[in-house]
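# Examination of the molecular architecture
Each chain is listed here by its residues.
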Amino acid sequence: MTPGLIVVVGPTGSGKSALSLQIAQRLDGEVISSDSQQVYRGMDIGTGKLTLVERQGIAHHLIDIATPDEEMTAARFAQLADVAIAEIAARGRRVIVCGGTGLYVRALLLGLFDGPPADPEVRAQLHERIAREGLPSLWAQLARVDPVLAAKVDARDQKRIVRALEVFLLTGVPMSDHWKTHDHRALPPRYPVHFVGLSPPREALYAAINARVDAMIAAGLAREVEQLAAAGYLPPLRSQAAIGYAELHACRRGEHSLAEAVELIKRNSRHYARRQLTWYRGDARVQWSPEAALVNWSAIDQFALANTVAPRSAPL
């Protein structure tokens, strides 16, 4: 029997990690992180990783599995998650997937569309344009040819912008149109799934984001960035373009003050939260709640009961 996944989604700062712990405690489960930045070692404060104490003895997977200069893709995430899911199910425990990277969740549940292979000539042309015109020029082009995808992509995410434009230039079809063939309305998920979404009111969410950034700064995020830089992990590494890291690397270069960097992190985090909500907007499978206390626990319990997997017997 294929194990069922309880997937916790929502914007940054909404309380997903705390809710995943509650679900894991209630159902005797383990958590798989679907956060594209928590995979990196040495990036703890800025990615909001729970400490070992905060995890309360609950096993967490796909955290600290790569160095900040390693390539981490949605496809690789899905492969590693498949292994973790099988291992968790073999122990007879529930699987809770929690994180804010919608592409990772989509890759795990639906796979990735079979797009054209990378074209060295097209990519070289796009990278030449970045050097000549800057990345914002390419993002503006993406917004023109594929506004649906552009609304979901960080304007600083060079890798995804280049790939999206490459697919469009090679096929003449926007990547978001390709994705429609992998839309939840057209394809069954690879696992039974129950989505739990947290979506606090905007003012409360923005206040939580601002407080979270202040707490990260107080906990030593600037020092964490200095340590990464000292170890040679610098932009344009994709990991160092993450919110919280990119702004403080720019601060190190003297492009703005620490106070200005903090305000930029808050602003960019708020923008990211809106993109995260956009990703799941219109997905009828997600049962949204404004806070963890109002989650429909009965529905979670029923799903868990209907998707129980017996532990695998040890060989004699």
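Notes on the structure in this doc start here.

Definitions and cut-offs
- Residues numbered from 1 in each chain as written.
- Predicted model: local features only at pLDDT ≥ 70, side-chain atom pairs only at ≥ 80, totals over all residues.
- Heavy atoms only, no water.
- Axes fitted to C-alpha atoms, helices over the stretch in contact; angles between N-to-C directions.
- Helix = DSSP H or I, 4+ residues; strand = E, 2+ residues; numbered from the N terminus.
- Parallel < 35°, antiparallel > 145°, perpendicular 65-115°, else oblique.
- Contact = heavy atoms within 4.5 Å.
- Nonpolar A, V, L, I, M, F, W, Y, C, P; charged D, E, K, R; others polar.
- Expected span 1.5 Å × (residues − 1).
- Buried < 20%, exposed > 50% of the residue type's maximum accessible area, 1.4 Å probe, protein only.
- Arc of directions from axis to C-beta.
- Polar contact = N/O pair within 3.5 Å; in protein donor to acceptor, adjacent residues only side chain to side chain.
- Pairing = 2+ DSSP bridges.
- Left-handed = near helix turned anticlockwise from the far one by under 90°.
- Salt bridge = Lys/Arg side-chain N within 4 Å of Asp/Glu carboxyl O.

Moving on: the packing of helix 4 (residues 120-133) against helix 5 (residues 135-145). Between two packed helices, what matters for the description is the angle formed by their axes and the separation of those axes. Where helix 4 contacts helix 5, the two axes come as close as 6 Å, and the packing angle between them is 120 degrees. With respect to each other, helix 4 and helix 5 are oriented oblique. When helix 4 is examined against helix 5, the residues Leu126, Arg129, Ile130 and Glu133 are found in contact with a partner set consisting of Leu135, Ser137, Leu138 and Gln141. Here the residues of the contact of helix 4 with helix 5 are counted per class, giving 4 nonpolar, 2 polar and 2 charged.

Here we come to helix 4. Here helix 4 contains 14 residues, and its C-alpha end-to-end distance of 20 Å stays within 8% of the 20 Å for a straight helix at 1.5 Å per residue. What helix 4 keeps buried is the set Val122, Leu126, Arg129 and Ile130. Relative to the axis of helix 4, the buried residues are bounded by an arc of 105 degrees and lie together on one face. Facing away from the buried side of helix 4 by over 90 degrees, the exposed positions are Pro120, Glu121, Ala131 and Arg132. If you check the start of helix 4, you find a side-chain oxygen 3.0 Å away from the backbone N of Glu121, and it comes from Asp119.

To continue, consider the side chain of Asp146. Relative to the helices and strands, Asp146 resides in the loop between helix 5 and helix 6 (147-150). Polar side-chain contacts of Asp146 include one of 3.1 Å to the backbone nitrogen of Met175. In contact with Asp146, other than residues within four places in its own chain, are Pro174, Met175 and Ser176.

Here the focus is the sheet that holds strand 3 (residues 60-61). A sheet is described by the order of its strands in space; here 6 strands give the open sequence 3-2-4-1-5-6, paired in parallel fashion. Looking at the sheet topology across the chains shown, the edges are occupied by strand 3 and strand 6 (286-289). Strand direction decides the pairing type here: strand 2 (residues 29-33) and strand 4 (residues 94-98), joined by 5 bridges, are parallel. Along strand 4, the bridge assignment pairs Gly29 with Arg94. Contacts from helix 2 (residues 74-90) reach strand 1 (5-9), strand 2, strand 3 and strand 4, with the element oriented near 175 degrees to strand 2.

We now examine the packing of helix 5 against helix 7 (residues 158-171). At a minimum axis distance of 10 Å, the contact between helix 5 and helix 7 shows a crossing angle of 45 degrees. Judged by the angle between their axes, helix 5 and helix 7 are oblique. In this structure, helix 5 crosses over helix 7, and the sense of that crossing is left-handed. Here helix 5 contributes Leu135, Leu138, Trp139, Gln141, Leu142 and Val145 to the contact with helix 7, which in turn contributes Gln158, Ile161, Val162, Ala164, Leu165 and Phe168. Its residues assigned to classes, the contact of helix 5 with helix 7 shows 10 nonpolar, 2 polar and no charged.

This part covers the environment of Ala293. When you line up the elements, Ala293 lands in the loop between strand 6 and helix 13 (297-306). For the pair formed by Ala293 and Arg212, sequence separation is 81 residues and the distance between their alpha carbons is 20 Å.

Turning our attention to the side chain of Glu166. Position of Glu166 among the secondary structure elements: in helix 7. Exposure remark for Glu166: the relative accessible area of 0% places this residue in the buried category. Beyond its immediate chain neighbours, meaning those up to four positions away, Glu166 contacts Pro117, Ala118, Asp119, Val122, Arg123 and Leu126.

Most of strand 2 sits out of view: 5 of its 5 residues are buried. Covered by surrounding structure in strand 2 are Gly29, Val31 and Ser33 together with Glu30 and Ile32, the residues of both alternating faces. Sheet topology note: the strand 2/strand 3 ladder contains 2 bridges and is parallel. If you follow Ile32 over to strand 3, its bridge partner there is His61.

A full pass over the atoms with the stated rule returns 23 salt bridges. The shortest N-O distance in the salt bridge between Arg129 and Glu133 comes to 3.4 Å. Taken together, the residues span about one helical turn, with Arg129 and Glu133 both in helix 4 at a distance of 4 residues. Looking at Glu133, the relative accessible area reads 39%, which means it is partly exposed.

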